Amino acid sequence: MSIAERFQLQYGGRPDGVFSAPGRVNLIGEHTDYNNGLVLPFAIDARAQVAVRRIDEPVIRVVSVQREGAVIEAPLSVLRPGTAAATGWPAYLLGTAWALIEAGIDVPGAELALDSAVPVGAGLSSSAAVECATALALSTIAEVRLTPADLARLAQRAENAFVGVPTGLMDQMASAGCRAGHLLFFDVGAGTTENIPFDPAANGLQVLVIDTGVHHSLADGEYAKRRASCEWAAELLGLNTLRDITDAGEALARLGSPASGLPAADRELLVRRVRHVLSENGRVFDVVQRLRAGDIAGIGADLTESHISMRDDYEISSIELDTAVDAALGAGALGARMTGGGFGGSAIALVPSQDAARVAEAVDRAFAAAGFAAPTSRHFTPADGARRES
Ligand code: GLA
């Protein structure tokens, strides 16, 4: 059923407009965003669509093409985190309405229908896609023009405070602000973005996205633990964030020193966590330099080193992600790494286009040999961020 049919079936008539926002793949720069660091995602050509109609009653109603069943309805006046409405998929839409209201936007009553093609739990930011499409839909009927950065911040606010996951800003920024054919180089600390041309196909290459099928959930606490470790390390160093480190060697030596009074196990852990964040920022920078020089093939080593750092120092990989990365590299990928929050979800591999099918098959075989369920390999083209569709 199309979104127009779902809308018509539920509410009768037609929406005032349909808005969409994409999921994302992060090429490199993982767990750096909440440390004010560097990220380099691209939006994918899989989008969430939100149809909206302004109504006179002070309520928000939501339905989804993917979920049969009754409409979820919440009065605008009672929307707040921690209420019953704040759970499950409706929370992404209702939470975004709440974030807009909290920011002082006069959100009118509205009927919404959602249709998303972004795989859920695959580490491809299905939630940011819904939040950004909703933020654009509701701000448009409220007659407020928001910049991509504003949309992203409001979407992140919904995710952090309403849905309750302490993510950084990367996913929402990618979903709101990416451009087709480009990566988004986002320096979170500086608040700057730059669209970097990215056309692997023109270089005979492809970014293969391998969904391990292992459901990734950021809400299970490990993501928050990584974030807390980074905040603790920054505090021990007397800094606001890890981005403020100017001398990496000195910072790591201080964190590792018995003089801190911390137990050895804590010191060793903090050193590894911080080392990942620092080295990852360096790799993002290196990849950007190489891409500016037109050397796409040259970024492979950075991708693989990023994976090793996440596997060993940050400890956010999984046996399935490692299997995908190893199999892809063994079959001729120029570089491979897990992407997104970790603990499941997807890996990416930079592969010569003519080898893409062979690499995907090698990953399938490795999964079968290990007794894992079959993975899904996809290829996405870098797409535009949030926009009006009709
Ligand atoms: C998730 C979060 C992002 C970011 C990544 C890891 O996708 O939503 O903010 O922290 O994990 O890089």
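The structure presented is a predicted model; accordingly, all values stated were derived computationally and were not measured. (Residues numbered from 1 in each chain as written. Predicted model: local features only at pLDDT ≥ 70, side-chain atom pairs only at ≥ 80, totals over all residues. Heavy atoms only, no water.)

In terms of nonpolar packing, the biggest core is built from 79 residues, with Leu27, Leu40, Ile60, Leu138 and Leu291 touching the most fellow members. Sorting elements by how many residues they give to this core places helix α3 (residues 126–141) first, with 9 residues. Each of two domains, domain 1 (3–196 + 383–388) and domain 2 (200–379), supplies a minimum of three residues to this core. Beyond its immediate stretch of four places on either side in the chain, Leu291 contacts Leu27, Leu40, Leu183, Ile196, Phe198, Ile296 and Ile299. Tyr34, Leu255, Phe343 and Ala347 belong to the second-largest nonpolar core, a separate cluster that totals 41 residues. (Core = buried A, V, L, I, M, F, W, Y, C linked by side-chain atoms within 4.5 Å. Buried < 20%, exposed > 50% of the residue type's maximum accessible area, 1.4 Å probe, protein only. Helix = DSSP H or I, 4+ residues; strand = E, 2+ residues; numbered from the N terminus. Domains from an automatic or database assignment. Contact = heavy atoms within 4.5 Å.)

To continue, consider unusual backbone geometry. Trans peptide bonds make up most of the peptide bonds, and negative phi angles are found at most residues other than glycine. In the Ramachandran plot, Ser125 falls in the positive-phi region, its phi being about 60° despite a non-glycine side chain. Note on Ser125: relative accessible area 7%, which makes it buried.

Right, let's talk about the sheet that holds strand β7 (residues 182–187) for a bit. Taken together, the 3 strands give an open sheet; going across it, the order is β2-β7-β8, and neighbouring strands pair in antiparallel fashion. Taken across any chain shown, the strands that pair with only one partner, and hence form the sheet edges, are β2 (38–39) and β8 (192–197). Packed onto the sheet, helix α5 (residues 170–177) meets β2, β7 and β8 and runs at close to 135° relative to β7. (Pairing = 2+ DSSP bridges. Axes fitted to C-alpha atoms, helices over the stretch in contact; angles between N-to-C directions.)

Here we take up the domain arrangement of the protein. Split into domains, the protein comes out as domain 1 (3–196 + 383–388) and domain 2 (200–379). A C-alpha centroid distance of 26 Å is found between domain 1 and domain 2. Counting the surface lost from both domain 1 and domain 2, the interface buries some 3000 Å², and carbon and sulfur atoms represent 65% of this. Between the two partners, domain 1 and domain 2, sit 19 residue pairs in polar contact (both at pLDDT 80 or more). (Buried area = accessible area lost by both parts, 1.4 Å probe. Polar contact = N/O pair within 3.5 Å; in protein donor to acceptor, adjacent residues only side chain to side chain.)

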